[in-house]
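Observations on the model geometry
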Amino acid sequence: MKLWYGGKIYTMIEEGDWVEAVVTDNGRIAATGDTQDLYSAYKGQISEEHNLKGSVMYPGFTDSHLHIMGHGERLMRLDLMFMKSAEEVKQALSQYAEQVEPGSWIVGDGWNENQWEDKRIIHKDELDEISTEHPIMLTRVCRHALIANSKAIELAGITTKTPDPQGGLIVRDSNDQPTGYFHDKAQDLVKEAMPEVTPEYLHKAAELAVKDMHAYGLVGGHSEDLNYYGGFKKTLDAFLHTIDGKRVKFRAHLLVHHGVIEEVDKEGMGFKKGNEFVELGALKIFSDGALGGRTAWLKEEYSDDPGNCGVAIHTKEELTELVLKARKRNMPVAVHAIGDGAAEAVISVLSEHPLKTGERDRLIHAQILNPSLIQKLQKLSIVLDIQPTFVASDFPWVMDRLGHMRMKTAYSWKTLLDAGIICAGGSDAPIEEINPLLGIRAAVERRASYDHEVYQAEERLSIFEAISLYTKGSAHAVGREDSQGIIAPGFTADFTVLDRDLFSIKPHELAEATVVLTVVDEDIMYQRF
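Values in this document were obtained by computation on a predicted structure and should not be read as measured data.

**Focus: the environment of Leu437**
Inspection of the secondary structure puts Leu437 in helix H16 (residues 436–445). Judged by relative accessible area, which is 2%, Leu437 ranks as buried. As for Leu437 and Ala513, which are separated by 76 residues in sequence, their C-alpha atoms are 7.7 Å apart. Setting aside its immediate chain neighbours within four residues, Leu437 contacts Phe61, Leu498, Leu502, Leu510, Ala511 and Ala513.

Structure follows, in structure tokens:
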């Protein structure tokens, strides 16, 4: 048994509830209470004592929606996320091109023209000026668009005659020539031309990602990676290799993209199969794109792009067929739906084909929901995966996309919680930064990174509500609310320990807290000192 004491320990059972000490045994919490009482009760059984030395313990933070392999890749690739202009991106590419092997792919992640003073999309001709020898592919921050140079386009076999794929768009100029800008499913045309990733590459990506997540206090994450790296088994094996349950412990809940469900069947696996640290989750479906590239599916046209309502990835019939694939396997679904048009379509199908296993479906992002859709959601067994940091990164430009009237139904986290809808908090890393404290701060402050203004102040969450997104909310999302998300006897011994009390500091200071310990299964996976 292990005794954890010497600091304030928030149970998150209810607001303000805390204890002095916790006793853990074999990966579970055995008891909570006063330090002296627990020491006396378990004196002969305690083999380790961990003095928190004034630090503050919380239930382990879990990211409810991210891409673990993608986060690892971001740590390995050219990071464009914080660059402030197209010229800065091109300069970084030129320097990078001098360092890589001739003919090898140059891949960058995270550019965001909305952060640039000149909000333009880089043309392939500009990338050609940097290199026509190296294929260049630069993924937008939302991961729903990319830009590529002529060499990458040539290797992908894309010409003026290449049609737009279902759910995708090849942007063309007045002569029907591709400009190098590809949206949603059209991105696959370029990505499929890239060399196949090796197991060693995946091991490195997973290892870097998990190590980084531990350093930010994360004990687990719900990830979607299994359709992008050479097949289901190859990617799953990389997770199992990295998260071995001994040297490395991390609770990875892996959503299963519908494109690999037959491979899952072939391997004899299914929903919640795996082991204590790596398990399979719901069937992942995309129903639309993203607001940044104007491909999120809206009921009405974009305010700054008349005639465009975004992209429906699937027809109603196709969406129904995918949901039925899950239902036949007793699986919930996790559906990416940003726009209200996408949400309406998904809610309609889920209402017609409800889950009967006691598990919960998931609506991922759910950024635009009018009162009628919220009422329909209240009748479903569903959890919403929200990303609080989108408020910080999307405002104020998103107001141009949606217009004043529609903004009343967007990013409405407080309204959803008050309606009794369960919400879980995630980062969508590598699209946003992995640090859960940034998400907690964004949910509480609703302050934009661009102009530092507060938007929709009425939708601000309390600190307790914000932390709950990453503890109790994430547990509910995977049906583990009886074993994860709070500090109580019988629950997993997963803890995030910070250097300060989040409940006693000012909102703008929340992200300044430092992780002291990350504990998974009562073992320390990260220690600051």
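Additional details are given in the paragraphs that follow.
**Describing the side chain of Asn112**
Mapped onto the elements, Asn112 comes out in the loop between strand E10 (106–111) and helix H4 (124–130). Polar contacts involving the side chain of Asn112 include one to the side chain of Arg140, which spans 3.3 Å.

**Concerning the pairing of strand E4 (residues 21–25)**
With 4 of its 5 residues buried, E4 lies for the most part within the structure. Inspection of the sheet shows strand E1 (residues 2–5) paired to E4 by 3 bridges, in the antiparallel sense. By the bridge assignment, Leu3 is partnered in E4 with Val23. The sheet contact formed by E4 and strand E5 (residues 28–33) spans 5 bridges and is antiparallel.

**Things to note about the side chain of His314**
Relative to the helices and strands, His314 resides in the loop between strand E17 (278–286) and helix H10 (316–328). Of note is the side chain of His314, whose polar atom sits 3.3 Å from the backbone oxygen of Phe286. When residues no more than four places from it in sequence are discounted, the contact partners of His314 are His258, Ile285, Phe286, Leu319 and Leu322.

Conventions used here
- Residues numbered from 1 in each chain as written.
- Predicted model: local features only at pLDDT ≥ 70, side-chain atom pairs only at ≥ 80, totals over all residues.
- Heavy atoms only, no water.
- Helix = DSSP H or I, 4+ residues; strand = E, 2+ residues; numbered from the N terminus.
- Buried < 20%, exposed > 50% of the residue type's maximum accessible area, 1.4 Å probe, protein only.
- Contact = heavy atoms within 4.5 Å.
- Polar contact = N/O pair within 3.5 Å; in protein donor to acceptor, adjacent residues only side chain to side chain.
- Pairing = 2+ DSSP bridges.

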